[in-house]
Amino acid sequence: MEFGIFTIGDVTTDPTNGRTPSENERIKATVAIARKAEEVGLDVFATGQHHNPPFVAPANPPILLASLAAQTERLVLSTSTTLITTTDPVRIAEDYSYLQHLADGRVDLMMGRGNTGPVYPWFGKDIREGVPLAVENYHLLRRLWREENLTWEGKYRTPLQGFTAMPRPLDGVAPFVWHGSIRTPEIAEQAAFYGDGFFHNNIFWPMRHTKQMVDLYRRRFEFYGHGQADQAIVGLGGQVFMRPNSQDAVREFRPYFDNAPVYGHGPSLEDFARETPLTVGSPQQVIERYAAMADHVGDYQRQLFLIDHAGLPQETVLEQIEMLGTEVVPELRRIADARRPAHVPATAPTHAQLIEAGESSPNAHVNPAARNAQSEAARQSREGARA
Amino acid sequence: MTRRGEAVEVEVVELREIAGEITNHMLTGFPSGELAAVIDRVLAADGIIAVTPVFAASYSGLFKSFFDVLDVDALVGKPVLLAATAGTPRHSLVIDHAMRPLFAYLRALVTPTGVMAASEDFGTAGLAGRVDRAADEFAALVLAGGQGAVAGLGPSGEESGRVSGTTDRFDAVTDFASLLGDQLR
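The structure contained in this document is the topic of the report that follows. (Residues numbered from 1 in each chain as written. Chains lettered and ligands numbered in written order. Predicted model: local features only at pLDDT ≥ 70, side-chain atom pairs only at ≥ 80, totals over all residues. Heavy atoms only, no water.)

1. Observations concerning the pairing of strand S10 (residues 234-242) of chain A
Remark: a regular strand shows side chains that alternate across the two faces of the sheet. Residues and elements named next belong to chain A. Summarising burial for S10: nine of the nine residues are buried, a large majority. Summarising the sheet, strand S9 (residues 197-200) and S10 pair through three bridges and their orientation is parallel. In the strand pairing of S10, phenylalanine 199 is matched with glycine 235. For S10 and strand S12 (residues 302-306), the ladder comprises five bridges, and the chain directions are parallel. Among the inter-strand pairings, glycine 238 is bridged to a residue of S12, identified as phenylalanine 305. Summarising the sheet, S10 and strand S11 (residues 279-281) pair through three bridges and their orientation is parallel. Of the residues in S11, the one forming a bridge with valine 240 is threonine 279. (Buried < 20%, exposed > 50% of the residue type's maximum accessible area, 1.4 Å probe, protein only. Helix = DSSP H or I, 4+ residues; strand = E, 2+ residues; numbered from the N terminus. Pairing = 2+ DSSP bridges.)

Structure follows, in structure tokens:
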């Protein structure tokens, strides 16, 4: 199982002292956070894509990730999310392929639609077309990574005539893709259709909701012939704040919680922690809470934590990452490895695994579901002939 | 309704008791605590009698907040009787000018008679008569089974894109190939 952190690069005033970091500070802090993640043994760093304040996540994530590729050796570089609705799929294909080369394949990415209406028109799009944009753009992206001399026509961008996106993906293997959605069944269905990963960013949601979305994805993953439901590739979000003594954690985090842009001024920290994955307490409490996630959604492959938000000082954020890497994740990894059946993948496929799997991986094909259906039909007719 | 041989179960929900949870739902996007159970019971009811005090010439903010956090389709085809209390009869049109448009938007089946009780109406014969008339209309709607009692005359709830319940429908999946359409050549 892989563990990591994800950030949306929010520039938020620290409610305890009124201090707001500059954009430059926040951007440099993000780099330090990723380096720290690698240093303490975490597996993944994922950045959001943002075009509006109060965020300084990159407008094009490969810019940040390419810098990190040069400063790290082991960390998987990912996104949370890449906006498939408002970003030209041709640019996504080319920029992430280039990143794959720079990072020697340590790249995957997560598709998201974005949830703020004003962003769409900045790129000539309409939020009411959010799902159809995600559907058409992603299918084109798959083809751009897998086909040369592509001739294509669709509804949302100019047609392509004999076009080859460059550079080609590293070793001819497209990066693994996750689809992130909180409450849109069509996106879980999309992830299942292609045999891609499904990420439920459940940090603001009760487990009963997360479970329904993940169950839908797993059921349809099996329906499309990519494997059993429990072999589908699932990721979850998480949110923790830790101190050795749980009372200290609650006392220190409460002002950040109470004033947080998303849930502040609403439910109490205690109520919100009960209903959502937010865990504020000792590392042991975090271990117990997150070890139990698999009881609800099944054995899953990736757990990302939101750590740098709500105005928390950089020093505190780095301490949190340190605790995650040294005290929490080794134990969570041990528990996950012990409970996971052998036929369930431990992680999303890595670049090396995708090369080795070759044609047998859904990732190798534009439409793996159709291919699965054909081979199933062929198998049935062979069996019919034998009988 | 009992005269028609139907048993009637009446359950009273006081929004005051879940006022904090309604506000939290508005801020977090999901129901917590007792509110989730209350919403489930409202969705499961055969009909709803919705009553609000008049505040500043309209329903109370708390009353509106409860219906704001329900799914937009939660009350489609649901028989509803509207009622309000007020300190003065000059608020009498609140039911028709404020409440009725809200429930029309929610596509509830609202009885023609609403019951407004201003302070001076309490204890008068007129109020009792309006209660009886509204109850008669409401019982007829409930006994008829709400929307869909007469089938085949218009699009079903599914076809019109709105059916009672919540939008989290995880069992009715749109096949992805149909979403891809022409892209699957």
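Anyway, onward from the coordinates.
2. Digging into the layout of surface pockets
Here the largest pocket defines a volume of roughly 1,600 Å³. Val10, Glu11, Gly47, Ile48 and Ile49 of chain B are, among the 41 residues lining the largest pocket, the residues nearest its centre. Classifying every residue of the lining of the largest pocket by side-chain character gives 27 nonpolar, four polar and 10 charged. Lining the second largest pocket are 42 residues, and of these Gly114, Asn115, Ile182, Asn201 and Phe204 of chain A sit closest to its centre. Counting residues per element, the ones that place at least two in the lining of the second largest pocket are strand S1 (2-7) and strand S5 (108-112) of chain A together with helix H1 (19-28) of chain B. Residues of the lining of the second largest pocket, tallied by class, amount to 20 nonpolar, 19 polar and three charged. (1 Å grid on protein atoms, 1.4 Å probe; cavity = no way out; pocket = protein on both sides within 12 Å on 5 of 7 lines; lining within 4 Å. Points joined across faces, edges and corners; volume = space filled by probe spheres on them. Nonpolar A, V, L, I, M, F, W, Y, C, P; charged D, E, K, R; others polar.)

3. Focus: the interface of chain B and chain A
Counting residues at the interface gives 24 residues for chain B and 35 residues for chain A. Both faces considered, chain B and chain A share a buried interface measuring about 2,300 Å² in area, 59% of it formed by carbon and sulfur atoms. Viewed at the interface, chain A and chain B are joined by one salt bridge. For the salt bridge of aspartate 175 of chain B with arginine 220 of chain A, the shortest nitrogen-to-oxygen distance reads 3.4 Å. Looking at the side of chain B that touches chain A, the elements that each hand over two or more residues are H1 and helix H6 (176-180) of chain B. Ranked by residues supplied to the side of chain B that touches chain A, first place goes to H6 of chain B with four residues. Within the side of chain B that touches chain A, the residues separate by chemical class into 11 nonpolar, eight polar and five charged. (Contact = heavy atoms within 4.5 Å. Buried area = accessible area lost by both parts, 1.4 Å probe. Salt bridge = Lys/Arg side-chain N within 4 Å of Asp/Glu carboxyl O.)

4. Section: the pattern of salt bridges
All names here are of chain A. Taken as a whole and judged by the stated rule, the model has 35 salt bridges over all chains. Two residues, lysine 36 and glutamate 322, come together in a salt bridge whose shortest N-O distance is 2.7 Å. Of this pair, lysine 36 sits in helix H1 (residues 23-39) while glutamate 322 is found in helix H12 (residues 314-339), placing the two residues 286 residues apart along the sequence. Classification of lysine 36 as buried rests on a relative accessible area of 14%. Among the salt bridges present, the one from arginine 74 reaches aspartate 43, with a minimum N-O distance of 4.0 Å. On the criterion of sequence distance, the pair formed by arginine 74 in the loop between helix H2 (61-71) and strand S3 (76-79) and aspartate 43 in the loop between H1 and strand S2 (44-47) is long-range, its members being 31 residues apart. Given the relative accessible area of 13%, aspartate 43 is considered buried.

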